[in-house]
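# Coordinate inspection notes
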Amino acid sequence: MLRKNNLRTKLIFSYAAIILVSFFVITLFFYFYVQQSVRGSMKENIVEVANSVSNQLDSEIANLDRIALGILGNKDFTDALTSLNNRPAHHSSLSLEEYEFQNLVDRLIFTLNTPVFISPMVSVFQPEKGYFFGWSIDGLDQPRIGEVLENIPWQEPVRQQAGARVILPPRQNEWSRQEDLVFSVARAVMTSTGQYLGTLEVQQNFSNIEDICAPVGDARYTVVTDEKGAVIYPLESEEVQAVIEKVQALSQPQGNLFLGGTTYFYSSTTSEYSGWKTTVLWPQEEIYHSTALLFQFILYALVVILVLSLTAVTIISQNLTTPLRKLRQSIEATDADRLDLSLELENNDDEIQLLQQAFEGMLARIDLSIQQRTQMQEEETKARLLALQSQMNPHFLYNTLNTIAALADEKEQPEIEQSCRYLVDMLRYVVDYDNPLVTLEQEIEHTQKYLVLMQTRYESNLSFSIEVSGNPASVMVPRLILQPLVENCYKHGLCAVCPPWEILVEISIASQWITIRVMDNGCGFSPQILEQLRRRISTFSADGQMLAQLKESRPDNVGLLNTYSRLYLRYRGRIRMELANRLPRGSVVTIILPAESNPAPQEEVL
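A few points on the structure.

### Topic: the pairing of strand 4 (residues 181-190)
Within strand 4, 8 of the 10 residues are buried, leaving the element largely enclosed by the surrounding structure. Bridge analysis of strand 3 (residues 166-172) against strand 4 gives 5 bridges, and the strand direction is antiparallel. From the neighbouring strand, isoleucine 167 faces strand 4, where its bridge partner is valine 185. Where strand 4 hands over to strand 5 (residues 196-205), the hairpin turn is made up of 5 residues, of which glycine 194 adopts a positive phi near 90°.

### Let's talk about the packing of aromatic side chains
This model, assessed by the stated rule, comprises 9 aromatic pairs. Between tyrosine 131 and phenylalanine 133, the aromatic rings sit 5.2 Å apart at their centres with planes inclined by 45°, giving tilted as the arrangement. When sorted by exposure, tyrosine 131 lands in the same class as phenylalanine 133, which is buried. In this structure an aromatic cluster arises from ring pairing among Phe125, Phe132, Trp154 and Trp175. Against the face of tyrosine 273 rests arginine 165, its NZ or CZ located 4.3 Å from the ring centre. Its end group placed over the ring of tyrosine 571, arginine 570 keeps NZ or CZ at 5.3 Å from the ring centre.

### Here's the deal with a nonpolar patch on the surface
On the surface, a cluster of nonpolar side chains totalling about 470 Å² of accessible area is made up of Val21, Phe24, Val25, Leu28 and Phe32. Secondary-structure assignment places leucine 28 in helix 1 (residues 7-72). Classification of leucine 28 as partly exposed rests on a relative accessible area of 33%.

### What about the side chain of threonine 225?
Relative to the helices and strands, threonine 225 resides in strand 6 (residues 221-225). Taking the relative accessible area as the measure of exposure, threonine 225 reaches 8% and is therefore buried.

### Thoughts on the nonpolar core
Ranked by internal contacts, the top residues of the largest apolar core, which has 52 residues, are Ile507, Leu579 and Leu593. Looking at this core element by element, the count peaks at 8 residues for helix 12 (residues 440-458). In this structure, leucine 593 is in contact with Val477, Gln512, Trp513, Ile514, Ile516, Leu567, Tyr571, Arg574 and Ile575, ignoring residues within four places of it in sequence.

Cut-offs and rules
- Residues numbered from 1 in each chain as written.
- Predicted model: local features only at pLDDT ≥ 70, side-chain atom pairs only at ≥ 80, totals over all residues.
- Heavy atoms only, no water.
- Buried < 20%, exposed > 50% of the residue type's maximum accessible area, 1.4 Å probe, protein only.
- Helix = DSSP H or I, 4+ residues; strand = E, 2+ residues; numbered from the N terminus.
- Pairing = 2+ DSSP bridges.
- Phe/Tyr/Trp six-rings, centres within 6.5 Å; stacked < 30°, edge-to-face > 60°.
- Lys NZ or Arg CZ within 6 Å of the ring centre and 35° of its normal.
- Patch = residues over 30% accessible without salt bridge, like charges linked within 9 Å, V, L, I, M, F, W, Y side chains within 5 Å.
- Areas by Shrake-Rupley, 256 points an atom, 1.4 Å probe, with all protein chains shown as cover.
- Salt bridge = Lys/Arg side-chain N within 4 Å of Asp/Glu carboxyl O.
- Core = buried A, V, L, I, M, F, W, Y, C linked by side-chain atoms within 4.5 Å.
- Contact = heavy atoms within 4.5 Å.

Written as structure tokens, this is what we have:
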């Protein structure tokens, strides 16, 4: 049974949640991606369908117009028709000319309308002269022709176009008693002088438009209108009237149209040849229907993958948590007296081995930290003892008191009071154990008092200067880091050469670092001592050997190494000490340490 707070349970449920969310996001993304892809593809397809329908309609009209132009371009045809128009109505040879003209028309139609009969009927008529010549695949209904010849509603508009092409919209064929629907191309037959000779009409069955606009099996709506907005297809009825009204109100070439509870995507195109506007509407439910089965298949596949993934997660989590449980038991057995980790894992996974090694390393670091803390406490005590011993050196006190006595014997001077006060202040500064951190300004004041006392002793033989860049009161440093360096100049550098002696202290305070540079004009470091000090500084580390190195150092060098070791431990190695000789003579000691703007907690210096 899975416990609620068990790591294995958390892993299983966490991975299960991740897998479920991932699958859900992937499914949604795939669904919308496929939907948008299909939508874009179908939109392009509908645009192509609209263009194809428009081109096919233009082709039908162009075929009819080609026959009309072929007839009108025949000189024999125009000459014979001109002759018929110029003969009197009761001329004796008129019937013969009409017969010959009819034969001419038949030959032209046969030539232009084959090998496949493009137009089922071609006619030439002149209502004013009362003649009609034509050909029909179903034969001509002469009585019907006689009845309607003088009452053709579109004859006058065609005549007014003076030979230009006129596309006549779908209508019932005037020349036949059958209720068949046709559309046609008509042109007025004109002479070069502008004389009207008659009207030429080339017809086509309306079923051709129906076949183009409404193929069997398609769910689309197709609406075709002419330049004036009159409906070409479909013929108006109550069923399609709402569709036609919606389409006629459209202003954009593509978009969505809501009609009768169904959303359609439409595409419109207007022919430059015929001027007809073709609009194709396709139900969106038909567009997305093709993705439904695919989406269902993907859902089933994702469910199977989810089950397999959860099974795999369960097995993997079990293999993972078993060694972790053993590792936890071993850690629980570890205490301060036994800081080691003894565990042999059967799992050979690199991650588990690395985790074990990390715990072992952590325990080793804790053990080392405890040793270092003890060592640092010893270092701090040693530093204070060394500093106190330095300040309380009998020789130093003897000389200082001798100087004070000499001044007192001579005459009372303000220097006597100042020397005594400085000495007292220095002793108080050294033995103040409650404040391990001081401002850099306090450390500078302490060092300056030491130098003043030294200058009082050696008078003009010793000169010093302290130059500070920045605000020393704004940063904190460990106590007794500057005065030991200055004292080291006198003890190991100046005493070996004749005066005058000079000690220079330069301090630069930046936003993150403090640079302290102490220089003198003494004898400098010998090559052996300089190499030895540099080597010991470079090999300082936090491996427990620092105290041993200090113990092995010569007493003369403890001041420098002690100062460095305390700073190294305090700042975790984030310091640098550089030793060098000056030209023409002297030495320079440079220390770079972090600038702490806030005082550290009141505890022993680390």
